[in-house]
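This is what each chain is made of:
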Amino acid sequence: ETRAVLSADGIDQVIGAAQLTISPTVTNNTIYGYTPAQIRRAYGFDQITFGSVVGNGAGQTIAIVDAYGDPNIAADLHAFDVAFGLPDPVFTKVNQNGGTKYPSTNAGWALETALDVEWAHAVAPNAKILLVEANSASLRDLLAAVDYARKQAGVSVVSMSWGTSDFSSETSYDSYFSTPSGHAPVTFVASSGDTGALP
């Protein structure tokens, strides 16, 4: 997979058009790469406890914010779960306003959405997953989706696999990344770029 860094050209557009290399359809069940169990073990997620409570995401909701629609995400998540022996999570998908009229599909963003949803579930297999699909990759739409996600009951994490370059007025958007009044604490995590370690 070739991936583009999610970055922005000015404030109005977050670019997320992944550059894909298309491969033939897989016709066997051989799994290449790391399994969810291996990732949980490598990072010590399988060792997390809070007293006697196992840190597997039970009782938590992870909200994932991505742009555009992924019409196959529920089926893809189920196939992922079957392949790796994971329980199907409570999964909800909404648009940036909480409705069910979903945005148009973008293949690059759909791939990113599948990656985000499946691996959030792999790391916290007992957490509920709320996918909030922004209408577009504009910062305005993505922030509207973040604003919706952070206000939902039970959401303890908002995960955003997108980012933008620094800009002088960025602190004016800080309120989007805060816990709403009267809400349990919310943690926000965001993309750090795919090639951040390169010179």
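Quick caveat: nothing in here was measured; it's all calculated off a predicted structure.

Calculation criteria
Residues numbered from 1 in each chain as written. Predicted model: local features only at pLDDT ≥ 70, side-chain atom pairs only at ≥ 80, totals over all residues. Heavy atoms only, no water. Salt bridge = Lys/Arg side-chain N within 4 Å of Asp/Glu carboxyl O. Buried < 20%, exposed > 50% of the residue type's maximum accessible area, 1.4 Å probe, protein only. Pairing = 2+ DSSP bridges. Helix = DSSP H or I, 4+ residues; strand = E, 2+ residues; numbered from the N terminus. Axes fitted to C-alpha atoms, helices over the stretch in contact; angles between N-to-C directions. Contact = heavy atoms within 4.5 Å. Core = buried A, V, L, I, M, F, W, Y, C linked by side-chain atoms within 4.5 Å. Phe/Tyr/Trp six-rings, centres within 6.5 Å; stacked < 30°, edge-to-face > 60°. Lys NZ or Arg CZ within 6 Å of the ring centre and 35° of its normal. Parallel < 35°, antiparallel > 145°, perpendicular 65-115°, else oblique. Left-handed = near helix turned anticlockwise from the far one by under 90°. Nonpolar A, V, L, I, M, F, W, Y, C, P; charged D, E, K, R; others polar. Polar contact = N/O pair within 3.5 Å; in protein donor to acceptor, adjacent residues only side chain to side chain.

## Considering the pattern of salt bridges
Stage number 1. For the structure on display, the rule yields three salt bridges.
Stage number 2. The residue Arg41 makes a salt bridge to Asp46 at a minimum N-O spacing of 3.4 Å.
Stage number 3. Given a relative accessible area of 31%, Asp46 falls into the partly exposed group.
Stage number 4. The salt bridge partner of Lys151 is Asp147, with a shortest N-O separation of 3.1 Å.
Stage number 5. Looking at Lys151, the relative accessible area reads 45%, which means it is partly exposed.

## With respect to the sheet that holds strand E6 (residues 91-95)
Strand pairing in a sheet is mediated by backbone hydrogen bonds. Such pairs are either parallel or antiparallel.
Stage number 1. Spatially, five strands are ordered E6-E7-E5-E8-E9 in an open sheet, and the strand pairing comes out parallel. Of all strands in the sheet, those bounded by a partner on one side alone are E6 and strand E9 (187-190). Neighbour-to-neighbour, the strand axes of this sheet turn through a mean angle of 20°, independent of strand direction.
Stage number 2. By the bridge criterion, seven bridges tie strand E5 (residues 61-67) to strand E7 (residues 128-134) in an arrangement that is parallel. Counted as the bridge partner of Ala67 is Ala134 from E7.
Stage number 3. With respect to the sheet, helix H3 (residues 107-123) is in contact with E5, E6 and E7, its orientation differing from that of E5 by roughly 170°.

## Description of the nonpolar core
Stage number 1. In terms of nonpolar packing, the biggest core is built from 21 residues, with Val65, Val132, Val158 and Trp162 touching the most fellow members.
Stage number 2. Sorting the residues of this core by element identifies E5, E7, helix H4 (139-150) and strand E8 (155-160) as the ones contributing at least two each.
Stage number 3. If you tally residues by element for this core, the top one is H4, at six residues.
Stage number 4. By size, the runner-up hydrophobic cluster in this structure holds 11 residues, among which are Ile62, Leu77, Ala120 and Ala127.

## Regarding the packing of aromatic side chains
Stage number 1. Taken as a whole and judged by the stated rule, the model has six aromatic pairs.
Stage number 2. Between Phe167 and Tyr173, the ring centres sit 6.0 Å apart and the planes meet at 70°, which makes this aromatic pair edge-to-face.
Stage number 3. Taken together, the ring pairs connect Phe80, Phe84 and Trp119 into an aromatic cluster.
Stage number 4. The ring of Tyr102 carries Lys93 above its face, with NZ or CZ at 4.1 Å from the centroid.

## So, the packing of helix H2 (residues 73-84) against H3
Two packed helices can be described by the angle between their axes and the distance between those axes.
Stage number 1. Relative to each other, H2 and H3 sit at 40°, their axes nearing to 10 Å. Compared by their axis directions, H2 and H3 come out oblique. For the crossing formed where H2 meets H3, the hand is right-handed. Note on element contacts: H3 touches H2 through Thr113, Ala114, Val117, Glu118, Trp119, His121 and Ala122, opposite Ile73, Asp76, Leu77, Phe80 and Asp81.
Stage number 2. For the contact of H2 with H3, the per-class residue count stands at seven nonpolar, two polar and three charged.

## What about unusual backbone geometry?
Stage number 1. If you check the backbone angles, Tyr68 has positive phi at about 65° while not being a glycine.
Stage number 2. Within the element layout of this structure, Tyr68 appears in the loop between E5 and H2.

## Structural notes on the environment of Ser161
Stage number 1. Following the sequence through the fold, Ser161 ends up in the loop between E8 and E9.
Stage number 2. For Ser161, a relative accessible area of 15% corresponds to the buried category.
Stage number 3. Separated by 49 residues in sequence, Ser161 and Glu112 have C-alpha atoms that sit 7.6 Å apart.
Stage number 4. For Ser161, the side chain forms a polar contact with the side chain of Glu112, separated by 2.4 Å.
Stage number 5. Polar contacts involving the side chain of Ser161 include one to the side chain of Asp116, which spans 3.3 Å.

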